[in-house]
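Survey of secondary and tertiary structure
Read off the chains here:
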Amino acid sequence: MKEAIVADGPKVQIIDSPIPTPNDDQVLIRVVVSGCNPKDWKIAGLMPDKFPFNQGNQGDDIAGIVEAVGSRVWEFKPGDRVAAFHEMMTPHGSWAEYAVAWQHTTFHIPKEITFEEAAALPLAAMTAAVGLFSRLGLPEPWAKTVSDEERENTPLVIYGASSAVGYYALQLAKRSNIHPLICIAGRAGSERVAPLLDEAKGDVLIDYREGEKAVVEGIKKALNGRPLLHAFDAVSEKGTPEHLAQVLSHPVQKGDKEVRAKATFVLFGKMGVPEYVDQSMTLVGSVHQDEKDFGYVWFRYMARGLQEGWFKAQRTEVMPGGLAGVQEGLERLKDGRASAVKYVYRIKETEGVERGDE
């Protein structure tokens, strides 16, 4: 099979590899469309002398058709249309004719959803879910222990709301009736973010291009005197943590309990928020480690949302040339040219790949 491997640069090489064999709990998927993410160009540079990071297939967003399943796989069968989150830093990723995924991070694609849309989902959408409901501890949509009144008085800042992670976080928070949603975005905000907001519940869109002072003042105005106890920074660089540091609340007393503000970030490192704020990193790889049940439930809930229409994929752009287009897509991500878009690749467009209609 054809497979794209990435070295530092990024430099993409297409090679011939054997078709992988799934283990008992895995699914072998004939990849129809693959996505990509900002971490994909960074991995090789972080560890340029260590295999497989320096020359591996690090694609993690799979959309395709089940080819074979392991002996303990019960939910899927050959021929099923599926999407999957490939386990990061392991072989047999999505930049290939065939990829391997664990059954618990594989989910059915509703018939209304295209492979291109499905390929835009796995890593970024699950990152949003982990950040909101595991790291920030916000109530899930189905939780009965939190009233609508309390949900609608839970201000949440989403920094980078038009990014893939931010866009999914916005939709999932809205599904959970969290308000007011204080969304910070740039030029894509009016098109992608604003239509999802509910002004009657206090939701607002703030344009970060207006500068730090305008962002901070905009957040304070939206809070309307309420404490800010939850922030999801889907950017986590270029000053965004410092902006949040100015608005995150000191601990507040709720009954006999002290409640501390929480902020979660998508990049490594100390982010400079005050010591009285609980800082966490949203590492989506946790669903392949100690949060497997979380990943299993949320991927299936998202699939239901796709079918019902309340959950939608980020806008996609197909890079021409199949796997040959991975180079261009990673370069665009590295250069910061992606705005409210996910780059995806149709594997059948790869030179040397022969397939019928999919």
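Since we're looking at a predicted model, the values are computed, not measured. (Residues numbered from 1 in each chain as written. Predicted model: local features only at pLDDT ≥ 70, side-chain atom pairs only at ≥ 80, totals over all residues. Heavy atoms only, no water.)

This paragraph deals with the sheet that holds strand S14 (residues 261-265). Note on sheets: strands pair through backbone hydrogen bonds, and any given pair is parallel or antiparallel. With respect to topology, six strands assemble into an open sheet ordered S10-S9-S8-S11-S14-S15, the strand pairing being parallel. Taken across any chain shown, the strands that pair with only one partner, and hence form the sheet edges, are strand S10 (204-207) and strand S15 (277-281). Ignoring which end each strand starts from, the neighbouring axes of this sheet average 15° apart. Here strand S8 (residues 156-159) runs beside strand S9 (residues 181-185); their pairing, made up of four bridges, is parallel. The partner of Leu 156 across the bridge, within S9, is Leu 181. Across the sheet, helix H3 (residues 122-135) is in contact with S8, strand S11 (230-233), S14 and S15; its angle to S11 comes to roughly 160°. Most of the contacts of helix H7 (residues 212-223) go to S10, to which it runs at about 170°, and overall it touches S8, S9 and S10. (Pairing = 2+ DSSP bridges. Helix = DSSP H or I, 4+ residues; strand = E, 2+ residues; numbered from the N terminus. Axes fitted to C-alpha atoms, helices over the stretch in contact; angles between N-to-C directions. Contact = heavy atoms within 4.5 Å.)

To continue, consider the pairing of strand S3 (residues 26-35). A large share of S3 lies buried, amounting to nine of its 10 residues. Sheet analysis places S3 next to strand S6 (residues 98-102), joined by five bridges and oriented antiparallel. Bridging across to S6, Leu 28 finds its partner in Val 100. With seven bridges joining them, S3 and strand S4 (residues 61-69) adopt antiparallel strand pairing. For Ser 34, the partnering residue across the bridge sits in S4 and is Ile 62. (Buried < 20%, exposed > 50% of the residue type's maximum accessible area, 1.4 Å probe, protein only.)

Glancing now at the pattern of salt bridges. Side-chain pairs of opposite charge can arise whenever the charged atoms involved come near each other. Applying the stated criterion across every chain, the model contains 21 salt bridges. Ionic pairing is found between Glu 112 and Lys 111, a salt bridge with its closest N-O pair at 3.8 Å. Under the relative-accessibility criterion, Glu 112 is labelled partly exposed at 43%. The exposure class of Lys 111 is exposed, given its relative accessible area of 73%. For Glu 116, the salt bridge is made with Arg 346, and the minimal N-O distance between the two is 2.8 Å. Residue Glu 116 is found in helix H2 (residues 115-119), and its partner Arg 346 is found in strand S17 (residues 342-346); the two are separated by 230 residues along the sequence. Here the salt bridges share partners, and the residues they tie into one network are Glu 317, Glu 328, Arg 332, Asp 335 and Arg 337. (Salt bridge = Lys/Arg side-chain N within 4 Å of Asp/Glu carboxyl O.)

The next point concerns helix H10 (residues 326-334). Taken as a whole, H10 has its buried residues at Val 326, Gly 329, Leu 330, Arg 332 and Leu 333. Axial view of H10: buried residues confined to an arc of 160°, hence all on one face. Of the surrounding secondary structure, the elements contacted by the buried residues of H10 are strand S1 (2-7), strand S2 (11-16), helix H1 (39-46), strand S16 (316-318) and S17. Directly after H10, the chain includes Gly 336, whose backbone phi takes a positive value near 75°. (Arc of directions from axis to C-beta.)

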